[in-house]
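For reference, the chains in residue letters:
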Amino acid sequence: MDINEAKSALSVLGRRLFSLGLINYGSSLSMRFDSDNFIVSKQDALFESEEDFLLLLGKKDYRWKEASKHALLHQNIYKNIISSRFVCYCSPAFICAYALGHTAFEPQDLTGAELVGNTFIYDIKQLEDWQDRAPSEIVRYFVQSNTNFVLLKSGELCVYAKSASELLAHISTIEHSAKLLALKNIF
């Protein structure tokens with residue numbers, strides 16, 4: 001797959017996630033391109049076209065200034081978790097609202113319980129230096145917890161996956177389970 005095909009594939013995934021309300025402005029999406037390089041969304045990405053993505057090399061250069069503020073996190077995941085091929089840092093409304101008021105996420109629907117199970121909501125403690133700490137703390141959490149997603153108390157979700165369809169399935173299942181928990185409280 002060449003760079004244009006990879007950007008196109010990532011753009012299709014981004015549009016799909018955006019249309020489902022699973023990512024929004026400020027989210028970041030990436031794909032491992034080869035062993036040292038990855039394609040990541042730009043800072044101001046609206047996930048509409050290939051122009052919203054750029055190739056970042058293993059070493060920082062001028063392109064990093066255009067990249068999402070989460071680019072270093074994406075790079076750290078790719079360096080430390082060999083099975084990661086796609087990464088998304090996002091804030092879907094229902095799961096993030098749930099995270100703000102709880103310490104654990106416990107899906108009660110069958111699909112959510114099977115795919116996600118009960119999980120701890122990671123408290124980032126202070127927002128001021130989170131961007132600096134996130135690249136190491138999130139990777140450490142993934143490795144220590146043997147999981148491919150982390151739900152943050154700040155109302156954000158980070159997921160990595162081996163394929164685009166797996167990434168979409170995880171994010172959409174987590175969000176759907178949170179919707180069901182919210183609706184359960186209404187009825």
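Residues numbered from 1 in each chain as written. Predicted model: local features only at pLDDT ≥ 70, side-chain atom pairs only at ≥ 80, totals over all residues. Heavy atoms only, no water.

With that out of the way, let us pick up the overall build of the protein chain. Helix and strand counts for the protein chain stand at 6 helices and 8 strands. Secondary structure elements of the protein chain, listed N to C terminal, follow the sequence α-β-β-β-α-β-α-β-α-β-α-β-β-α. Relative to its length of 187 residues, the protein chain is compact, with a C-alpha radius of gyration of 16 Å against a globular reference of 16 Å. In terms of overall dimensions, the protein chain has C-alpha extents of about 50 × 30 × 25 Å along its principal axes. Here the protein chain holds 187 residues, and the buried ones make up 49% of them. In the protein chain, 58% of the contacts between residues at least 6 apart in sequence involve partners at least 24 apart. In the protein chain, 19 positive and 22 negative side-chain charges are present, and the distance between their average locations comes to 3 Å. (Helix = DSSP H or I, 4+ residues; strand = E, 2+ residues; numbered from the N terminus. Rg over C-alpha atoms; globule rule 2.2 N^0.38 Å. Buried < 20%, exposed > 50% of the residue type's maximum accessible area, 1.4 Å probe, protein only. Contact = heavy atoms within 4.5 Å. Lys, Arg positive; Asp, Glu negative; His and termini not counted. Charge placed at Lys NZ, Arg CZ, Asp CG, Glu CD.)

Our focus in this paragraph is the environment of Ser27. Checked against the element boundaries, Ser27 lands in the loop between α1 (3-19) and β1 (28-32). Separated by 18 residues in sequence, Ser27 and Ala45 place their C-alpha atoms 8.1 Å apart. Excluding residues that lie within four positions of it along the chain, Ser27 makes contacts with Ser41, Phe47, Tyr89, Cys90 and Ser91.

For the rest of this paragraph, the subject is a nonpolar patch on the surface. Taken together, the side chains of Leu180, Leu183, Ile186 and Phe187 make up a nonpolar region of the molecular surface, amounting to roughly 470 Å² of accessible area. Within the secondary structure, Leu180 sits in helix α6 (residues 164-186). Leu180 gets classed as partly exposed once you look at its relative accessible area, which sits at 34%. (Patch = residues over 30% accessible without salt bridge, like charges linked within 9 Å, V, L, I, M, F, W, Y side chains within 5 Å. Areas by Shrake-Rupley, 256 points an atom, 1.4 Å probe, with all protein chains shown as cover. Salt bridge = Lys/Arg side-chain N within 4 Å of Asp/Glu carboxyl O.)

The element β1 is extensively covered by neighbouring structure, given that 5 of its 5 residues are classed as buried. As judged from the 4 bridges shared by β1 and strand β4 (residues 86-90), these two strands associate in the antiparallel manner. Bridging from a neighbouring strand, Met31 pairs with Phe86 of β4. Of the strand pairs in this sheet, β1 and strand β2 (residues 38-41) are connected by 3 bridges, and their pairing is antiparallel. Considered in β2, the bridge of Arg32 is made with Phe38. Taken together, β1 and the strand that follows it, β2, pair antiparallel across an intervening segment of 5 residues. (Pairing = 2+ DSSP bridges.)

We now examine the packing of helix α2 (residues 71-80) against helix α5 (residues 130-145). Look at α2 against α5: their axes get within 8 Å of each other, and the N-to-C directions meet at 35°. Here α2 and α5 pass one another in a crossing that is right-handed. Residues Leu72, Leu73, Asn76, Ile77 and Asn80 of α2 form the contact with α5, whose participating residues are Ala134, Pro135, Ser136, Ile138, Val139 and Phe142. (Axes fitted to C-alpha atoms, helices over the stretch in contact; angles between N-to-C directions. Left-handed = near helix turned anticlockwise from the far one by under 90°.)

Tracing the backbone through its elements, the reader meets Ser11 in helix α1. On the basis of relative accessibility, which here comes to 0%, the residue Ser11 falls in the buried class. In this structure, the C-alpha to C-alpha distance between Ser11 and Glu50, residues 39 residues apart in sequence, is 5.5 Å. One polar contact links Ser11 to Arg15, side chain to side chain, over a distance of 2.7 Å. (Polar contact = N/O pair within 3.5 Å; in protein donor to acceptor, adjacent residues only side chain to side chain.)

Right, let's get into the nonpolar core. Counting residues in hydrophobic clusters, the biggest one holds 34 residues, and the most contacted among them are Leu10, Leu17, Leu29, Phe105, Leu157, Leu167 and Ile171. Those elements that provide at least two residues to this core are α1, β1, β3 (53-56), β4, α3 (93-101), β7 (149-152), β8 (156-161) and α6. Looking at which element gives the most residues to this core, the answer is α6, with 6 residues. Not counting residues up to four positions away in its chain, the partners in contact with Phe105 are Ile95, Tyr98, Val116, Gly117, Asn118, Thr119, Ile121, Leu151, Ile174, Ser177, Ala178 and Leu181. Phe38, Trp64, Tyr89 and Tyr160 belong to the second largest nonpolar core, which has 25 residues in total. (Core = buried A, V, L, I, M, F, W, Y, C linked by side-chain atoms within 4.5 Å.)

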